[in-house]
Amino acid sequence: MAAGVWAQGSATLQLKQTIPLPGVEGRIDHFAFDPAAERLFVCALGNNSVEVVDLRKGQRIHSITGLGSPQGVAYIPGLDRLLVANDDHGICKIFDGKSFQQLKELDLNDDADNVRYDDDAKKIYVGFGDGGIAIVNASDGKQAGSIKLSAHPEAFELEKRGKRIFVNVPSSRHVAVIDREKGEIIATWKTDLAFANFPMALDEENHRLFVGCRLPSRLVVLNTDSGDVASKIEISGDGDELFYDGKRHRIYAVCGAGKVDIIEQADPNSYKVSGRIDTGDGARTGFFVPERDILFVAVPHRGSQKAEIRAYHVE
């Protein structure tokens, strides 16, 4: 069996490409993707940089430096713009996607974190501070408003067929449900005595929300019609990223314990871990591109382990 692959049944991830990130130190956080130019934008939080990776060349082509612990990033295709959310002072910086010159700066005061882009509404959503999601106009980079939460938001998901936002609020031990037209919380859902809920993914077609918890290490499946717990399953430790593969009815859990768990969805209420691959110590973030059947995983530099991006083909 090839290195980096372990599977039960037919669920496999095959390592196809490794892209080195020489000189990148510390923790690596979230990604964004430019489909037209096939570029990855990688938040190198501990390095205070965003690394720009050309997937066609298989190499890093630029580093945006001088940032303040960048955590979240969004790429706006039609405008060729990049928004980077920084932990330090909650500063969000907007860059030109070709020259990487800074165009604008937004001050959210503290801990700007996860970022999501709504292409239909042309709005960027940024989690920040002690409890808020900022709404930013993609066209001019101006803040259009914010939504109050009870504590700092972690991962969140936007409905494409509806108007809700589902937000992990780990300090409050719940998932907040927001009506984004009203700009307010309409419900809070519990995760059945599993806490530290950081990553999240959404299966909108089957009305299921996947919430990754660290205490204990568990995937909790919520029914988005009712908020009830539909299922739960043990996963590897330190989960920080979840992706739903609608084509194969799978969830990929990227975990800092050095594993990617492959979880099969037999039906909306039935799940099992069908495979696990070894990645690297602290490799807890990544990005799934369903159109290309590729899961990217960020491996940080730790000892003899080199900083790199690994591209796994989903089979």
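Let me sum up the structure you'll find in this document. (Residues numbered from 1 in each chain as written. Predicted model: local features only at pLDDT ≥ 70, side-chain atom pairs only at ≥ 80, totals over all residues. Heavy atoms only, no water.)

## Considerations on the layout of surface pockets
Inference 1: Approximately 1700 Å³ is the volume attributed to the largest pocket.
Inference 2: Broken down by secondary-structure element, the contributors of at least two residues to the lining of the largest pocket are strand 2 (31-34), strand 6 (70-76), strand 10 (115-118), strand 14 (156-158), strand 18 (195-203), strand 22 (239-245) and strand 26 (285-289).
Inference 3: Element by element, the count of residues in the lining of the largest pocket is highest for strand 22, at six residues.
Inference 4: Partitioning the lining of the largest pocket into residue classes produces 23 nonpolar, seven polar and 18 charged.
Inference 5: Estimated volume of the second largest pocket: approximately 150 Å³. (1 Å grid on protein atoms, 1.4 Å probe; cavity = no way out; pocket = protein on both sides within 12 Å on 5 of 7 lines; lining within 4 Å. Points joined across faces, edges and corners; volume = space filled by probe spheres on them. Helix = DSSP H or I, 4+ residues; strand = E, 2+ residues; numbered from the N terminus. Nonpolar A, V, L, I, M, F, W, Y, C, P; charged D, E, K, R; others polar.)

## Quick look at the pairing of strand 24 (residues 259-267)
Inference 1: Pairing between strand 23 (residues 250-255) and strand 24: six bridges, direction antiparallel. Bridge pairing in strand 24 links Ala253 to Asp261.
Inference 2: The turn linking strand 23 back onto strand 24 is made up of three residues, and Gly258 within it adopts a positive phi angle of 95 degrees.
Inference 3: One ladder, built from eight bridges, connects strand 24 with strand 25 (residues 270-278); its direction is antiparallel. (Pairing = 2+ DSSP bridges.)

## With respect to unusual backbone geometry
Inference 1: At the junction of Leu215 and Pro216, the peptide bond is cis and its omega measures out at -10 degrees in the coordinates.
Inference 2: Here Pro216 is to be found in the loop between strand 19 (208-215) and strand 20 (217-223).
Inference 3: Positioned with a positive phi, Ala196 is a non-glycine residue whose angle comes to about 55 degrees.
Inference 4: Tracing the chain through its elements places Ala196 in strand 18.
Inference 5: Classification of Ala196 by relative accessible area gives buried; the value is 16%. (Buried < 20%, exposed > 50% of the residue type's maximum accessible area, 1.4 Å probe, protein only.)

## Observations concerning the packing of aromatic side chains
Inference 1: Counted by the stated rule, this structure contains seven aromatic pairs.
Inference 2: When the centroid spacing of 6.4 Å and the interplanar angle of 65 degrees are considered together, the rings of Phe243 and Phe287 count as edge-to-face. Note that Phe243 is positioned in strand 22 and Phe287 in strand 26, a separation of 44 residues in sequence.
Inference 3: On the accessibility criterion, Phe287 (22% relative accessible area) is partly exposed.
Inference 4: Through successive ring pairs, a cluster of aromatic residues spans Phe33, Phe243 and Phe287.
Inference 5: Stacked on the ring of Phe156, the Lys or Arg Arg116 has its end atom at 5.1 Å from the ring centre.
Inference 6: Directly above the ring of Phe195 sits Arg173, whose terminal nitrogen or CZ lies 4.0 Å from the centroid. (Phe/Tyr/Trp six-rings, centres within 6.5 Å; stacked < 30°, edge-to-face > 60°. Lys NZ or Arg CZ within 6 Å of the ring centre and 35° of its normal.)

## A short note on the sheet that holds strand 23
Inference 1: Strands sit in the order 22-23-24-25 across an open sheet of four strands; the sheet is antiparallel. Looking at which strands have only one partner, the edges of the open sheet turn out to be strand 22 and strand 25. The mean inter-strand angle of the sheet, taken between neighbouring strand axes irrespective of direction, is 20 degrees. (Axes fitted to C-alpha atoms, helices over the stretch in contact; angles between N-to-C directions.)

## Some words on the nonpolar core
Inference 1: Leu21, Phe31, Leu40, Leu55, Phe296 and Ile309 are the most contacted members of the largest nonpolar core, which totals 18 residues.
Inference 2: Where this core is concerned, the elements lending two or more residues are strand 2, strand 3 (39-44), strand 27 (294-299) and strand 28 (308-314).
Inference 3: Apart from the residues within four sequence positions on either side, Ile309 is in contact with Gln17, Thr18, Ile19, Leu21, Phe31, Leu40, Val42, Phe296, Val297 and Ala298.
Inference 4: If you look at the next biggest cluster of nonpolar residues, it comprises 16 residues, including Ile76, Ala85, Ala134 and Val136. (Core = buried A, V, L, I, M, F, W, Y, C linked by side-chain atoms within 4.5 Å. Contact = heavy atoms within 4.5 Å.)

## Here we look at the sheet that holds strand 8 (residues 91-96)
Inference 1: Pairing is antiparallel across the open sheet formed by four strands, whose spatial order is 6-7-8-9. Edge positions in the sheet fall to strand 6 and strand 9 (102-107), since each of these pairs with one other strand and no more. Going from strand to strand, the sheet's axes swing by 20 degrees on average, the running direction of each strand aside.
Inference 2: Of the pairings in the sheet, the one linking strand 8 to strand 9 comprises five bridges and is antiparallel in character. Across the sheet, Lys93 pairs through a bridge with Glu105, a residue of strand 9.

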